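# Geometric and topological summary
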Amino acid sequence: NAPRCVYMAEASAPPSAAEEAKQSGTAAFKAGRFDDAVAHFTTAIEADPQSHVLFSNRSAAYAKLEQYKASLLDANQCIKLAPTWAKGHSRRGAAYVGLRNWRQAIVAYEEGLTHEPDSAVMKEALVSIQLKLSGAAAEQMQQQRGPPPGVPTVPAAAGGDLSPLTLLLTLVYFVPLLGAARRDLCYRGALWAAAATCLLSLSRSWPLSMATLKDARLWKCDDMQRLPLLLLLSLFPPLPFILVPPAAYALHHSLSRAHARSLLAKLPAAVRERALWVLGEEGTHTTLAFAAISDLMVGLTAPFLAVSHGLRIVPPLLLHLKYVAKSHTTSWYMQTAVDTVRLKLDSLFHHRRCPAPVSAAYVRCAGLAASAARLLAA
């Protein structure tokens, strides 16, 4: 008899202890039992400590429990075991988000996208962080400040008779039509004309009496704050941006007076339309915001101006910084300008390509600037 061949099916091997614990952890995770998931994944890791997937899974479970430091440690181990596996970097990014370390979260997600460029999860996470750092922060600051003033008023409005002179001298300074020799004279003349405008506005807005001099509101108004600053600045070498705010105010005053005398009607339609826009509510808001950002730029460049001009320029710079600090406590436009510049600088110095020492130095400088501003405003 021919030998009978017996074919026996090979019995499938039972799952390993690591795989069994992993399956239990995955089931617990899907059921929302994250404590159990951590326990099962820990058992699996003890059985197979070289599995990057297990560390990734436990990192996710820790994140669900809001134990972000533990989640970060597991994500780091996952990346150590599999540096090019994108999900490990995604886990690290999620842990940093939980720790509110936005800069490192961006670094982690961007690194993950180099290994998996089409990952929708990491792309969405990056967009979310960018919104937190820009739009959401700006919206929060806007809510804290409240809406802009309903009826904006340009400073020195009552003394605008000299505004055309301020505007003309500023123009001749920036475009030296009279030659470089007379350029500095035009600069000082523009400051004197702007100071005279403030003085004229004060004389027309406040009664000439001893009671007026004792009124605290007089010394806090913008015209009185700017008057000594303009006079002091005229005694020193020209500074960038200094003439921009008075020139912006002068343009608004000049257009207002031309409109009151029906002179705008004689202008071409396109020019007249732009002039009327400047005089409208939106244009007035823009004028005040432009002046505020220009004043702020002088303050930000003060250290460099002191180095380039020497110690002799320090007194007017300190007075200008004091003016900016006080304006920040009362002016919606200065508050908006400061917040806008701060957001831009934050995004620049907290960028992933910015060296850590530079970022740390920026944080220290920003803290010192805030302390100095509070001191000057007191």
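A brief structural summary.

Cut-offs applied
- Residues numbered from 1 in each chain as written.
- Predicted model: local features only at pLDDT ≥ 70, side-chain atom pairs only at ≥ 80, totals over all residues.
- Heavy atoms only, no water.
- Helix = DSSP H or I, 4+ residues; strand = E, 2+ residues; numbered from the N terminus.
- Buried < 20%, exposed > 50% of the residue type's maximum accessible area, 1.4 Å probe, protein only.
- Contact = heavy atoms within 4.5 Å.
- Areas by Shrake-Rupley, 256 points an atom, 1.4 Å probe, with all protein chains shown as cover.
- Core = buried A, V, L, I, M, F, W, Y, C linked by side-chain atoms within 4.5 Å.
- Phe/Tyr/Trp six-rings, centres within 6.5 Å; stacked < 30°, edge-to-face > 60°.
- Lys NZ or Arg CZ within 6 Å of the ring centre and 35° of its normal.
- Expected span 1.5 Å × (residues − 1).
- Arc of directions from axis to C-beta.
- Axes fitted to C-alpha atoms, helices over the stretch in contact; angles between N-to-C directions.
- Parallel < 35°, antiparallel > 145°, perpendicular 65-115°, else oblique.
- Nonpolar A, V, L, I, M, F, W, Y, C, P; charged D, E, K, R; others polar.
- Salt bridge = Lys/Arg side-chain N within 4 Å of Asp/Glu carboxyl O.

### Concerning the overall build of the protein
Scanning the protein for helices and strands turns up 20 helices and zero strands. The 378 residues of the protein split such that 38% are buried. Partitioning the contacts of the protein with sequence separation of at least 6, the portion at a separation of at least 24 is 62%. Taken as a whole, the protein presents about 21,800 Å² of accessible surface, with 63% of it coming from carbon and sulfur.

### Focus on the nonpolar core
Formed by 42 residues in total, the largest nonpolar core has its most connected members in Tyr187, Leu191, Leu202, Leu239 and Ile242. Listed by contribution, the elements that provide at least two residues to this core are helix H9 (163-174), helix H10 (183-205), helix H13 (222-233), helix H16 (281-300), helix H17 (302-309), helix H18 (314-330) and helix H19 (332-349). Per element, the largest residue contribution to this core is eight residues, and it comes from H10. Within the second largest apolar cluster, 13 residues are counted, among which are Ala86, Ile106, Tyr109 and Leu126.

### A short note on the packing of aromatic side chains
Following the criterion strictly, the structure yields four aromatic pairs and no others. With 5.3 Å between their ring centres and 70° between their planes, Phe29 and Phe34 make a pair best called edge-to-face. Residue Phe29 is classed as partly exposed on the basis of its relative accessible area, which comes to 25%. Ring geometry for Tyr173 against Tyr187: centres 5.3 Å apart, planes inclined by 50°, an arrangement best described as tilted. Of this pair, Tyr173 sits in helix H9 while Tyr187 sits in helix H10, and the two are 14 residues apart along the sequence. Judged by its relative accessible area of 8%, Tyr173 falls in the buried class. Of the aromatic side chains, those joined through ring pairs into one cluster are Tyr173, Phe174 and Tyr187. Directly above the ring of Tyr173 sits Arg183, whose terminal nitrogen or CZ lies 4.2 Å from the centroid.

### Structural notes on H13
For H13, built from 12 residues, the straight-helix expectation of 16 Å at 1.5 Å per residue is met to within 8% by its first-to-last C-alpha distance of 16 Å. Within H13, burial applies to Asp223, Met224, Arg226, Leu227, Leu229, Leu230 and Leu233. Against H10, helix H12 (216-220), helix H14 (244-260), H16 and H18 lie the buried residues of H13.

### Quick notes on the side chain of Ser254
Here Ser254 is to be found in helix H14. What Ser254 contacts, discounting residues up to four positions off in sequence, is Ser163, Pro164 and Leu167.

### As for helix H1 (residues 17-30)
Because each turn of an α-helix spans 3.6 residues, side chains separated by three or four positions end up pointing in the same direction. End to end, H1 covers 20 Å across 14 residues, agreeing with the expected 20 Å (1.5 Å per residue, within 8%). Inspection of H1 places Ala18, Ala21, Gly25 and Ala28 among the buried residues, and these make up the whole buried set. All buried residues of H1 lie within an arc of 90° about the axis, which places them on one face of the element. Once H1 finishes, Gly32 follows within two positions and takes phi at roughly 85°, a positive value.

### Topic: the environment of Asp346
Take Asp346: it is sitting in helix H19. Relative accessible area serves as the criterion here: at 26%, Asp346 is assigned to the partly exposed category. A sequence separation of 16 residues divides Asp346 from Tyr362, and the C-alpha atoms of the two residues are 8.7 Å apart.

### Considerations on the packing of H16 against H17
In contact at an axis separation of 5 Å, H16 and H17 are set at 55° when each is read in the N-to-C sense. One way to sum up the angle between H16 and H17 is to call them oblique. For the pair formed by H16 and H17, the contact residues are Val298, Gly299 and Leu300 on the first element and Ala302, Pro303, Phe304 and Leu305 on the second. In terms of residue class, the contact of H16 with H17 is built from six nonpolar, one polar and no charged.

### Some thoughts on the pattern of salt bridges
Side chains that differ in sign of charge can pair as their charged atoms come close. A complete count under the given rule lists six salt bridges for this structure. We note a salt bridge from Arg58 to Asp74, for which the minimum N-O separation is 2.7 Å. Of the two residues, Arg58 is situated in helix H3 (residues 52-64) and Asp74 in helix H4 (residues 68-81); the sequence distance between them amounts to 16 residues. The buried category is assigned to Arg58, whose relative accessible area is 12%. Through salt bridges that share partners, Asp161, Arg204 and Arg257 make up one connected network.

### Structural notes on the side chain of Ser163
Of note, Ser163 is situated in helix H9. Judged by relative accessible area, Ser163 falls into the buried class, the value being 1%. Those residues in contact with Ser163, other than ones at most four positions away along the chain, are Thr197, Ala250, His253 and Ser254.

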